[in-house]
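A look at the structure
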Amino acid sequence: VRSHWKGIGVTLFVNWAVKPFSMALLAWLFIRQWFAPYLPADQLDSYVAGLILLAAAPCTAMVFVWSRLTNGDPYFTLSQVALNDTIMIFAFAPIVALLLGLSSITVPWDTLLISVGMYIVIPVVIAQLIRAQVLARGGPPALDALLQRIGPWSIGALLATLVLLFAFQGGQILRQPLVIAMLAVPILIQVFFNASLAYWLNRKVGEKHSVACPSALIGASNFFELAVAAAISLFGFDSGAALATVVGVLIEVPVMLLVVRVVNASRGWYERGAAKKSPSPTSAAEGRG
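Bear in mind the structure is a predicted one, so any value in this text is a computation, not a measurement.

What counts as what
Residues numbered from 1 in each chain as written. Predicted model: local features only at pLDDT ≥ 70, side-chain atom pairs only at ≥ 80, totals over all residues. Heavy atoms only, no water. Helix = DSSP H or I, 4+ residues; strand = E, 2+ residues; numbered from the N terminus. Rg over C-alpha atoms; globule rule 2.2 N^0.38 Å. Buried < 20%, exposed > 50% of the residue type's maximum accessible area, 1.4 Å probe, protein only. Contact = heavy atoms within 4.5 Å. Salt bridge = Lys/Arg side-chain N within 4 Å of Asp/Glu carboxyl O. Expected span 1.5 Å × (residues − 1). Bend = angle between axes of the 7 residues up to and from the residue. Polar contact = N/O pair within 3.5 Å; in protein donor to acceptor, adjacent residues only side chain to side chain. Axes fitted to C-alpha atoms, helices over the stretch in contact; angles between N-to-C directions. Parallel < 35°, antiparallel > 145°, perpendicular 65-115°, else oblique. Left-handed = near helix turned anticlockwise from the far one by under 90°. Nonpolar A, V, L, I, M, F, W, Y, C, P; charged D, E, K, R; others polar. Core = buried A, V, L, I, M, F, W, Y, C linked by side-chain atoms within 4.5 Å. Disulfide = S-S within 2.5 Å.

Comments concerning the overall build of the protein
When helices and strands are counted, the protein shows 11 helices and 0 strands. Mapped from its N terminus to its C terminus, the protein presents α and β elements in the order α-α-α-α-α-α-α-α-α-α-α. Against the globule reference of 19 Å for 289 residues, the protein gives a C-alpha radius of gyration of 20 Å, in line with a compact fold. Oriented by its inertia axes, the alpha-carbon framework of the protein measures out at about 70 × 50 × 30 Å. Looking at the protein as a whole, 49% of its 289 residues qualify as buried. Sequence-distant contacts in the protein: of pairs separated by 6 or more residues, those separated by 24 or more amount to 84%.

Regarding the side chain of Gln-172
Assignment of secondary structure puts Gln-172 in helix α5 (residues 109-175). The class for Gln-172 is buried, based on a relative accessible area of 11%. Among all residues touching Gln-172, those that are not within four sequence positions of it are Phe-237, Asp-238, Ser-239 and Leu-243.

Points about the pattern of salt bridges
In the structure shown here, the tally under the stated rule is 2 salt bridges. A salt bridge links Asp-45 to Arg-32; the nearest nitrogen and oxygen atoms lie 2.5 Å apart. Here Asp-45, found in helix α2 (residues 44-55), pairs with Arg-32, found in helix α1 (residues 5-34); they are 13 residues apart in sequence, far enough to count as distant. Since its relative accessible area comes to 35%, Asp-45 is described here as partly exposed. A salt bridge links Arg-267 to Glu-271; the nearest nitrogen and oxygen atoms lie 2.8 Å apart. Of this pair, Arg-267 and Glu-271 both sit in helix α10 (residues 267-277), 4 residues apart, which is roughly one turn of the helix. Residue Glu-271 is classed as partly exposed on the basis of its relative accessible area of 35%.

Regarding the environment of Asn-71
Looking at where Asn-71 falls in the secondary structure, it is placed in the loop between α3 (62-69) and α4 (74-102). C-alpha separation for the pair Asn-71 and Cys-213, spaced 142 residues apart in sequence, amounts to 8.2 Å.

Concerning helix α9 (residues 240-265)
Note: α-helices contain 3.6 residues per turn, so residues at a spacing of three or four share the same orientation. The terminal C-alpha atoms of α9 lie 37 Å apart, and with 26 residues this matches the ideal 38 Å at 1.5 Å per residue to within 8%. By the largest-angle criterion, Glu-252 marks the main kink of α9, which is about 45°, and a proline, Pro-254, follows within four residues.

Focus: the side chain of Ser-266
Counting through the fold element by element, Ser-266 comes out in the loop between α9 and α10. At 2.8 Å, the side chain of Ser-266 and the side chain of Tyr-199 are in polar contact.

Examining the packing of helix α8 (residues 224-235) against α9
At a closest axis distance of 8 Å, the pairing of α8 and α9 adopts a crossing angle of 165°. By the angle between their directions, the pair α8 and α9 is classed as roughly antiparallel. The chirality of how α8 crosses α9 is left-handed. Two secondary-structure elements touch here, α8 through Phe-224, Ala-227, Val-228, Ala-231, Ile-232 and Phe-235 and α9 through Ala-241, Ala-242, Thr-245, Val-246, Val-249 and Glu-252. For the contact of α8 with α9, a count of residues per class yields 10 nonpolar, 1 polar and 1 charged.

A few points about the nonpolar core
Of all hydrophobic cores here, the largest spans 85 residues; its most connected members are Phe-92 and Leu-112. Sequence-distant contacts of Leu-112, that is, excluding residues within four places in its chain, are made with Leu-53, Phe-92, Ala-93, Val-96, Ala-97, Val-107 and Leu-234.

Here's the deal with the state of the cysteines
All told, the structure shown has 0 disulfides when counted by the stated rule. Note on Cys-59: no disulfide assigned, nearest cysteine sulfur contributed by Cys-213 at a separation of 15 Å. On the accessibility criterion, Cys-59 (2% relative accessible area) is buried.

Nothing here speaks to function; it is geometry throughout.
Encoded structure:
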């Protein structure tokens, strides 16, 4: 974190000071204003809530995949995910409650807090207890062996989650293609806006390309498991909020692969600008002298 505090600062700024609030604005513009005549009137609040829930939960898992595809710094990626997870424990519920309140949508605090506890706190605590026991008994080799054994299970669980989500929401997706397309518009704008902002800010402060890539990608992707779970808990399985969060899942992978392609292709442009912001080795040595 000390080595790349500028990149960490950009990540936290985009994820917590920009992303949830810009999505609330986009949801109000598109869902409540421009698309309102074409959407079910009784689901407008629910759609807005789903989009806000999606934006208030930064990505915690898939960002490792995106970072690897862009040759991102693995230690920076791990650091920013750990910080975002820690902040999310305390900030997710208040930010969602604030933005939904500003949108005239009342939600129970206890349901938000239970969602955070079930999908962030409890898994982290269980994982740390298991990790400590394994290290105490067999050291790092035993932990590495355990991670290799459970690797296929974790991938299988993620795929099963996706299959179940689309299986239960598949009927709504097929029946309402126009609704899906309209919900996708603010999500797409959000992805490209946040990724571009984080990428540009890292370039302006002189961070390395291997830091800018994961910083931009975490700001563009979402912790959709938490968003979907909270939407279902708050509004029900067949609600517009649940559908909106599932739409986020539906478009995230292809859109994020496009963002990966853009940041990889623009590496030369990025490094020319970032180099101007970083002191040369000679000037740094002269400064220390």
